[in-house]
Amino acid sequence: MSAAVRAVGEANDEQDVCTFPLPARRHVRRAELTQAECHALAELGPKALRRNRARGIPRRTATHWKALAWLVEPLDAARAGLHHGGDVRFRRAGAHATAIILGNCADTGRSYMAWTAEEWAGLCGPSAATFVAAQPLPTETTVRPFLIALGYLHGGFDGFEQLGTFNRLHLAGLVFGAATVEQSLSQAGTVLEQWGYRSVLSGKHRLRGVFSQALLINRSPRLEDLDTAAFERLHAHPATNAHHGEMLYALQRAVAALGHCDPPVRTGYNHAPGIDDTDAAWASWVQRWHDTSTLTPKVRATVRTIMAKAGRWLAAEHPEITEPGQWTRQTCAAWVAAIDRMAVGDYVQRRDHIHARAGTPISPRTKAHNLMATRTFFRDCQEWEWIPRRFDPARALAVPRSVAVLIGTNPRVIADDIWAKLLWAGLNLEPDDLPGNTADTYYPMELIRAVTLSWLFSGLRSDELSRLRVGCVRWQHDGQPIAANAPDVLAEEAVCLLDVPVHKTGTAFTKPVDPLLGQAIEAWQAVRPAQPTTLDHKTGEHVDMLFAVRGHPVAKSYINRTIIPALCAKAGVPSCDVRGNITSHRARSTIASQLYNAKEPMTLFELQAWLGHKDPATTQHYAKISPNTLSKAYTEAGYFARNMRTIEVLIDRDAVASGTATTGQPWQHYDLGHGWCSYSFFEQCQHRMACARCDFYTPKNSSKAQLLEASDNLQRMLATIPLTDDERAAVDDGRTALTALLDRLTDVPTPAGPTPREIGAPATVTTLPIVQVRHSEP
């Protein structure tokens, strides 16, 4: 008897299944069954194929079993090699699985060694319930994993995507042994838990199922065998769906950290698809520029998209032009005119994202961006001597004046009341306010609070915020560095400094921020798991990113997609307003405008340094003077009070009604405080602030003045008097300017004719106050 047969016999002796002597025979592998073999299977039937008799096989069926030995022997050997407990239920499940395979051989007339993956999947069923219902005899659900294991071992079946939901960890334990699988899983799980993956080694984590399936598809329980090529096969395997991709990515990172494969690369979305609907020559020129330019990838992609749009315009309007060298000033003028009249959806490659905006005119700023991209493309082509200099891109492709005047600074500031509610929501954020499952939030709560307060208080761009580094917070007191928990310094007296990395327009810099932000960041740093260094795409350095967990940084879109909707829901405010959606970048404008309009505001240059701008003109796109600040400044400037004065005047109604005013009788009497002036053109008198007491002047202590005030036919009114430059200087600068005014008027004739020098009386200073206007009762 061969060793294989002895192994089968020994295994069967240990398990409660019927055994029979099998003669030694060579390994047979055929697709079709003989007529005798089909007759033997039919005679045995489903019940006898289970071999449940304790005393062995009846003598009357021994001949049938001998005819089927070449089918039964490999199945029994594989079943004996499966790793399971000594429970009789599992031994019985293995025997029933073998019987199901032999029964299907009888139904199809073909050996299981020749079955396809679809045939194995059909036998196992798309679910456990379907499998049990399809059996002719009562069958337990424990039989199905044994059937899948036998198909995996003998048929090479690994089409697990056809089997629905089942316990892949249990299947891997049957094939490789539970202890071996757990050992490999523990090695990878330990690395992942150090990076912040929670409960990877627990029995409910979905990584265990993905990991088990990876071992099964790779046909080895050893982590060392999961090399880079193995992971490429796993990603391409049909059983690896989008649900498994994230966990498979994490598994490859862990295996790479152990030194068994290369780190994974996120392919992501293809932001540069092929250029369609243009001449092939134009597309090649655009792609050549894209491959040569040293601009940032995002800017290169934008210019590429716009020049592809220019190529479609050329194909429609100027098909004879297929290369940049064929452009002239006339072509540039036509392109500028086309952009000026362009609508959303014109000359684009994809229209599925346009929706209701299709056909609406593009904004002036979009027109300017299209022309800027075109200038950049032609300037580079000329500078690199790819094409001759037939025109100046800066002049031929300049933004038209009619478009430029429509572009101005307009910060998208969030209203103060809405921003105050968002601040409250951020300071009181709880796990229940965030999306997640019943177990916990996706990220640790300390990280979420630090990210939230960074958005609310730092005024950083999303790229800067996501690239903050560990240790970016420092503390100072009176210009000296201190520890964060210094016992001799009050929290409100400490200054928190935030180190901002290299950013969009400049180098790294440091800015003061609210201590609440510093405390939140240090709370996260205290519990932050050790992470592998991450490549900073701006500087090309491998650094420790502050907001990183599970081996990779928090996405820049996390604030827009998760934090802001959660804060808006908690605060009870809409996620959009009249200026559009509330986004991460709008917080930068809001904070800048509030600092610019504070009670003790920052100057434009201070705000420029705080935001990290190179040019004050850029800061003006973020800082906006609020209407309240503007109104207060206008009021305090006192424009009206500085340039105008209001004086009381008495109108003699009888003189006006009788017509005697036309004969020269005084009918207006201006109140100078110390007397009355009856000069009708008082607002033109140069001596009104330094009355020379001419014939039009009546002292208030005179009997004539008393009679005037006692008259019943007088009506009090207000007259507005504009001030000259000298009079305004006398009001603003005081006695010195007033003396200079008196000296200048000494030889100026009064309305009565003589000069103050000829009158001889000292000039009397007249203050023209603003008189409160009282409305008469109806």
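Before reading on, note that the structure itself is shown above.
The rules behind these values
Residues numbered from 1 in each chain as written. Predicted model: local features only at pLDDT ≥ 70, side-chain atom pairs only at ≥ 80, totals over all residues. Heavy atoms only, no water. Helix = DSSP H or I, 4+ residues; strand = E, 2+ residues; numbered from the N terminus. Buried < 20%, exposed > 50% of the residue type's maximum accessible area, 1.4 Å probe, protein only. Disulfide = S-S within 2.5 Å. Axes fitted to C-alpha atoms, helices over the stretch in contact; angles between N-to-C directions. Parallel < 35°, antiparallel > 145°, perpendicular 65-115°, else oblique. Contact = heavy atoms within 4.5 Å. Nonpolar A, V, L, I, M, F, W, Y, C, P; charged D, E, K, R; others polar. Expected span 1.5 Å × (residues − 1). Pairing = 2+ DSSP bridges. Salt bridge = Lys/Arg side-chain N within 4 Å of Asp/Glu carboxyl O. Polar contact = N/O pair within 3.5 Å; in protein donor to acceptor, adjacent residues only side chain to side chain. Phe/Tyr/Trp six-rings, centres within 6.5 Å; stacked < 30°, edge-to-face > 60°. Lys NZ or Arg CZ within 6 Å of the ring centre and 35° of its normal.

Re unusual backbone geometry
Although it is not a glycine, tyrosine 347 sits at a positive phi angle of roughly 55°. In this fold, tyrosine 347 is placed in the loop between helix H16 (329-340) and helix H17 (364-383). On the accessibility criterion, tyrosine 347 (25% relative accessible area) is partly exposed.

Focus on the state of the cysteines
Using the criterion set out here, one finds zero disulfides in the structure. As a non-bridged cysteine, cysteine 496 has cysteine 472 as the owner of its nearest cysteine sulfur, 8.4 Å distant. Since its relative accessible area comes to 1%, cysteine 496 is described here as buried.

Considerations on the packing of helix H9 (residues 168-176) against helix H10 (residues 178-195)
Remark: H9 packs on H10, axes separated minimally by 7 Å, with the N-to-C direction vectors making an angle of 120°. Judged by the angle between their axes, H9 and H10 are oblique. Two secondary-structure elements touch here, H9 through Leu169, Ala172, Gly173 and Phe176 and H10 through Ala178, Thr180, Val181 and Glu182. Considering only residue class, the contact of H9 with H10 consists of five nonpolar, two polar and one charged.

A look at helix H11 (residues 206-218)
Between its first and last C-alpha, H11 extends 19 Å over 13 residues, near the 18 Å set by a 1.5 Å rise per residue. Of all 13 residues in H11, eleven are buried; the element is thus mostly enclosed. Within the span of H11, buried status applies to Leu207, Arg208, Val210, Phe211, Ser212, Gln213, Ala214, Leu215, Leu216, Ile217 and Asn218. Of the surrounding elements, those touching the buried residues of H11 are helix H8 (143-155), H9, H10, helix H12 (228-236) and helix H13 (242-257). Directly after H11, the chain includes arginine 219, whose backbone phi takes a positive value near 60°.

What about the sheet that holds strand S3 (residues 495-500)?
Read across the open sheet, the four strands follow the order S2-S1-S3-S4; overall the sheet is antiparallel. Of all the strands in the sheet, the pair left with one neighbour each is strand S2 (480-482) and strand S4 (509-513). Strand after strand, the sheet turns through a mean of 40° between neighbouring axes, direction not considered. For S3 and S4, the ladder comprises five bridges, and the chain directions are antiparallel. Among the inter-strand pairings, leucine 498 is bridged to a residue of S4, identified as lysine 511. Docked against the sheet, helix H23 (residues 515-527) engages strand S1 (473-477), S3 and S4, running at close to 135° with respect to S1.

Brief notes about helix H24 (residues 558-571)
In this model H24 runs 19 Å from its N-terminal to its C-terminal C-alpha over 14 residues, within 8% of the 20 Å that 1.5 Å per residue would give. Within the sequence span of H24, burial applies to Tyr558, Ile559, Thr562, Ile563, Ile564, Ala566, Leu567, Cys568 and Ala571. Next to the buried residues of H24 lie helix H20 (416-427), helix H21 (445-457), helix H22 (462-466) and helix H25 (584-596). Once H24 ends, the next one or two residues include glycine 572, with phi positive near 70°.

Describing the pattern of salt bridges
Side chains that differ in charge, positive against negative, can pair when their charged atoms come close. Per the stated rule, a full pass over the model turns up 18 salt bridges. One salt bridge in this structure joins arginine 389 and glutamate 383, with 3.3 Å as the shortest N-O distance. On the basis of relative accessibility, which here comes to 55%, the residue arginine 389 falls in the exposed class. Since its relative accessible area comes to 48%, glutamate 383 is described here as partly exposed. For arginine 469, the salt bridge is made with glutamate 541, and the minimal N-O distance between the two is 3.2 Å. With arginine 469 in the loop between H22 and S1 and glutamate 541 in the loop between strand S5 (534-535) and strand S6 (542-543), the pair connects residues that are 72 residues apart, well separated along the chain. The class of arginine 469 is partly exposed, set by a relative accessible area of 26%. In this structure glutamate 541 comes out as partly exposed when scored by relative accessible area, which is 38%. Taken together, the shared-partner salt bridges in this structure form one network comprising Asp463, Arg467, Arg469, Asp536, Glu541 and Lys556.

Brief notes about the environment of isoleucine 101
Mapped onto the fold, isoleucine 101 is located in helix H5 (residues 88-108). Among the residues examined, isoleucine 101 registers a relative accessible area of 0% and is labelled buried. Sequence separation between isoleucine 101 and cysteine 124 is 23 residues; the distance between their C-alpha atoms is 9.9 Å. Contacts of isoleucine 101, omitting those with residues within four sequence positions, involve Leu75, Tyr112, Trp115, Trp120, Leu123, Leu147 and Leu150.

Details of the side chain of aspartate 463
You can see aspartate 463 is positioned in helix H22. Using a relative accessible area of 14% as the deciding quantity, one classes aspartate 463 as buried. Within the structure, the side chain of aspartate 463 is placed 3.1 Å from the side chain of arginine 467, a separation counted as a polar contact. Side chain to side chain, aspartate 463 and histidine 537 meet in a polar contact 3.5 Å long. The contact partners of aspartate 463, leaving out residues within four places of it in the chain, are His537, Lys538 and Lys556.

Let's talk about the pairing of strand S12 (residues 668-671)
Burial along S12 is two-sided: Gln668 and Tyr670 and His669 and Asp671, pointing in opposite directions, are all buried. The pairing of S12 with strand S13 (residues 675-677) spans two bridges and is classified as antiparallel. Note on S13: the bridge partner recorded for tyrosine 670 is cysteine 677. What sits between the antiparallel neighbours S12 and S13 is a turn of three residues, in which glycine 673 has the positive phi angle 90°.

Topic: the pairing of S1
Each regular strand carries side chains that alternate between the two faces of the sheet. Residues Val473, Trp475 and His477 of S1 are buried on one face, while the alternating residues Arg474 and Gln476, pointing to the opposite face, are not. Sheet topology note: the S1/S3 ladder contains four bridges and is antiparallel. Note that in S3 the partner of arginine 474 across the bridge is leucine 497. As paired strands, S1 and S2 are joined by three bridges and run antiparallel to one another.

Brief notes about the packing of aromatic side chains
Inspection of every chain in the model, using the stated rule, returns 18 aromatic pairs. Taken together, a centroid distance of 6.5 Å and an interplanar angle of 75° make the contact between tyrosine 112 and tryptophan 115 edge-to-face. Judged by its relative accessible area of 0%, tyrosine 112 falls in the buried class. A residue is classified by how much of its surface remains accessible, and tryptophan 115, at 6% relative accessible area, is buried. Judged by centre distance (5.6 Å) and plane angle (70°), the ring pair of tryptophan 419 and tryptophan 455 falls under edge-to-face. Here tryptophan 419 is found in helix H20, whereas its partner tryptophan 455 is found in helix H21, with 36 residues between them in sequence. In terms of burial, tryptophan 419 and tryptophan 455 fall into one category: buried. Taken together through their ring pairs, the aromatic side chains of Trp282, Trp289, Trp313, Trp327, Trp335, Phe377, Phe378 and Phe391 make up a single cluster. Lying over the aromatic face of tyrosine 152, arginine 219 brings its terminal NZ or CZ to 4.0 Å of the ring centre.

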